[in-house]
Amino acid sequence: MKNYKSSLVMIIIMVLVVGILVIDRHSDSKIEDVFEVKAKVLKVDNDNLIQSNIANMGVQNLEVNILEGEFKGQSTDSLNTLVGNLSVENTYKRGDTIIVAIRVEDGKIIDSKAIDLYRQNYHLLLFGTFVICLIIFAKQIGIKALFSFIMSLFIIWKILIPGLLYGKDPLLLSMGVLVLLTAIILFSICGISKKGVAAFIGTITGLSITIGLTLFFGSRMELYGMTAPFAETLMFNGHLNLDMRKIFYAAIVIGASGAAMDIATDVASSMYEIKNHKPNIPINDLIKSGFNVGRDVVGTMTTTLLLAYSGGYLTLLMLFMDKNASFSRIINFKIVSAEIMRTVIGSIGLVLVAPITAIVAGIIYSKVKKNVTN
């Protein structure tokens, strides 16, 4: 009954948070007299479009029908300006559902510009599939995991990102957010228990060491954060006061935090099961068992980080091979150096989380008798 009530509370909170995010999406889509709305492409004029290899350059003239907002049902002309940047641009066809920015004056649309394809329906379908699979397999734990997922999204979007844009210290803000997220995630899954406390302490201690390593090596490798996607665009957009170096450092720690929580939970949970089935096990043997589990988990998790980060730059690695670049040139290239630092420091943090959690869990499970539930 208690688990049922806690799951119900989590579902209610999730609905409220999603509602706030949806409402916030509509409130943020208006900037002065400019609105971003969904529209369907009725006609396409490609006469001013020049095709260059696989990219298009020039201007597409579109006629679109507005599908939402106070101008729903109205048709208007819209421009799609292309400069050949395939990473952000789209070439539209009749029947496409897109996002357009419309400028309004005296209650009339005076200008319209195509922004991007409308992909939100597929996002919802993917997320719905994820939720169904999670709940079918994990049941109540799945609801708790979904709760922590949505709360993490909410905290990142409503606290971390605005705080960084306002110029707050990226490392202090990120560490505060990670402490909050770690508490929400671990205590949602493990409960306010010895297991949750052990995993929490192990995670935060490991991430704190990761920050220290990041500061030490980052300054010596002269990596200032400009390798991050859209870092230059953000600064040229009026945010010259941002400390991109510390934001890059914060991104390293945030990127490693999920895996750190995973390892800490694995170690704490396995040791809890050992202690539960063998209550009289000596503390040294219990910690040794935690170390053994940690070694196995770390052995695969560090490779997981490498694959995750290298997968994001797969095309860059292909380009290096195509140009027959030397090994020295590759590893000293600024973007590659940044990813090496991100991968290795993140891996060091993960390696340290396992033994720290094992020691903390061994002490808590063997010594703590009161104040914390099982």
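Residues numbered from 1 in each chain as written. Predicted model: local features only at pLDDT ≥ 70, side-chain atom pairs only at ≥ 80, totals over all residues. Heavy atoms only, no water.

*Asks:* Would you mind going over the nonpolar core with me for this structure?
*Replies:* Soluble globular proteins: nonpolar side chains tend toward being buried together. One finds A198, I263, M271, L350 and Y365 to be the most contacted residues of the largest nonpolar core, which totals 49 residues. Breaking this core down by element, the ones donating at least two residues are α3 (140-165), α4 (170-190), α5 (194-220), α6 (231-236), α7 (244-277), α8 (283-312) and α11 (334-367). Take this core: its biggest share by element is twelve residues, from α7. Apart from the residues within four sequence positions on either side, L350 is in contact with A256, A259, A260, I263, V298, M301 and L305. (Core = buried A, V, L, I, M, F, W, Y, C linked by side-chain atoms within 4.5 Å. Buried < 20%, exposed > 50% of the residue type's maximum accessible area, 1.4 Å probe, protein only. Helix = DSSP H or I, 4+ residues; strand = E, 2+ residues; numbered from the N terminus. Contact = heavy atoms within 4.5 Å.)

*Asks:* How should I be thinking about the packing of aromatic side chains in this particular structure?
*Replies:* Counting across every chain of the model gives eight aromatic pairs. Taken together, a centroid distance of 5.6 Å and an interplanar angle of 50° make the contact between F130 and F149 tilted. Of this pair, F130 sits in helix α2 (residues 120-138) while F149 sits in helix α3, and the two are 19 residues apart along the sequence. A relative accessible area of 34% means that F130 is categorised as partly exposed. Ring centres of F216 and F217 lie 5.0 Å apart, and the angle between their planes is 85°; this geometry places the pair in the edge-to-face category. Judged by its relative accessible area of 41%, F216 falls in the partly exposed class. Over the ring of Y118 we find K38, and its NZ or CZ is 4.6 Å from the ring centre. Its guanidinium or amino end placed over the ring of F216, R220 lies 3.9 Å from that ring's centre, counting from NZ or CZ. (Phe/Tyr/Trp six-rings, centres within 6.5 Å; stacked < 30°, edge-to-face > 60°. Lys NZ or Arg CZ within 6 Å of the ring centre and 35° of its normal.)

*Asks:* Even after reading the chapter, I still don't get the packing of α3 against α4, so can you show me in this structure?
*Replies:* The relative placement of two packed helices is expressed as an angle between their axes plus a distance between the axes. Orientation of α3 relative to α4, taken along the N-to-C sense of each, is 165°, at an axis distance of 9 Å. Put simply, α3 runs roughly antiparallel to α4. In terms of crossing hand, the pair formed by α3 and α4 is right-handed. Here the residues of the contact of α3 with α4 are counted per class, giving 17 nonpolar, five polar and one charged. (Axes fitted to C-alpha atoms, helices over the stretch in contact; angles between N-to-C directions. Parallel < 35°, antiparallel > 145°, perpendicular 65-115°, else oblique. Left-handed = near helix turned anticlockwise from the far one by under 90°. Nonpolar A, V, L, I, M, F, W, Y, C, P; charged D, E, K, R; others polar.)

*Asks:* Teacher, can you tell me more about the pairing of strand β6 (residues 97-105) here?
*Replies:* Every other side chain in a regular strand lies on the same face of the sheet, so the side chains alternate between the two faces. Pairing of strand β2 (residues 34-45) with β6, which is carried by seven bridges, proceeds in the antiparallel orientation. Bridge pairing in β6 places A39 opposite I98. Direction of pairing for β6 relative to strand β7 (residues 108-117): antiparallel, over a ladder of eight bridges. Following the sheet pairing, R103 is matched in β7 by D111. (Pairing = 2+ DSSP bridges.)

*Asks:* How do you make sense of a nonpolar patch on the surface when you look at a structure like this?
*Replies:* On the surface, I156, W157, I161, L165 and Y166 cluster together into a nonpolar patch covering about 500 Å² of accessible area. Among the structural elements, L165 can be located in helix α3. (Patch = residues over 30% accessible without salt bridge, like charges linked within 9 Å, V, L, I, M, F, W, Y side chains within 5 Å. Areas by Shrake-Rupley, 256 points an atom, 1.4 Å probe, with all protein chains shown as cover. Salt bridge = Lys/Arg side-chain N within 4 Å of Asp/Glu carboxyl O.)

*Asks:* Any chance you could explain the pattern of salt bridges here in plain terms?
*Replies:* When their charged atoms lie close together, side chains carrying opposite charge are able to pair. All chains considered together, the criterion is met by five salt bridges. Between D96 and K93 there is a salt bridge, and its shortest N-O distance comes to 3.2 Å. The exposure class assigned to K93 is exposed, which follows from its relative accessible area of 55%. Residues R342 and E339 are paired through a salt bridge, measuring 3.3 Å at the closest nitrogen-oxygen approach. Of this pair, R342 and E339 both sit in helix α11, three residues apart, which is roughly one turn of that helix. The exposure class assigned to R342 is buried, which follows from its relative accessible area of 13%. The exposure class of E339 is buried, given its relative accessible area of 12%.

*Asks:* It is not clear to me how unusual backbone geometry should be interpreted in this structure. Could you clarify?
*Replies:* At D106, a position not held by glycine, the phi torsion is positive, near 55°. Within the secondary structure layout, D106 lies in the loop between β6 and β7. Exposure remark for D106: the relative accessible area of 74% places this residue in the exposed category. For K139, which is not glycine, the phi torsion reads 55° and is therefore positive. With respect to the secondary-structure elements, K139 resides in the loop between α2 and α3.

*Asks:* How should I be thinking about α2 in this particular structure?
*Replies:* Two residues of an α-helix separated by three or four positions point the same way, owing to the 3.6 residues in each turn. A rise of 1.5 Å per residue sets the reference length of α2, with its 19 residues, at 27 Å; its end C-alpha atoms lie 26 Å apart and thus fit the reference within 8%. One or two steps after α2, the chain reaches K139, where phi turns positive at roughly 55°. (Expected span 1.5 Å × (residues − 1).)

*Asks:* So what exactly am I meant to see when it comes to the confidence of the model for the chain here?
*Replies:* Interpretation of this model should avoid reading the predicted coordinates in detail wherever pLDDT is low. On average, residues of the chain score 84 in pLDDT, and 89% of them are at 70 or above. Here residues 27-31 is modelled with pLDDT under 50, and outside its nearest four sequence neighbours on either side it reaches four contacts, counting other chains as well. (pLDDT = per-residue confidence, 0-100.)

*Asks:* Explanation requested: the pairing of strand β5 (residues 75-83) in the structure shown.
*Replies:* Only one face of β5 is buried: it carries T76, S78, N80 and L82, and the other face, with S75, D77, L79, T81 and V83, is open. Of the strand pairs in this sheet, strand β4 (residues 55-66) and β5 are connected by nine bridges, and their pairing is antiparallel. Counterpart to N61 in the pairing with β5 is L79.

*Asks:* Help me understand α4 in this model?
*Replies:* Compared with the 30 Å implied by 1.5 Å per residue over 21 residues, the 29 Å span of α4 between its first and last C-alpha is a close match. A positive phi of about 80° marks G191, the residue just after α4.

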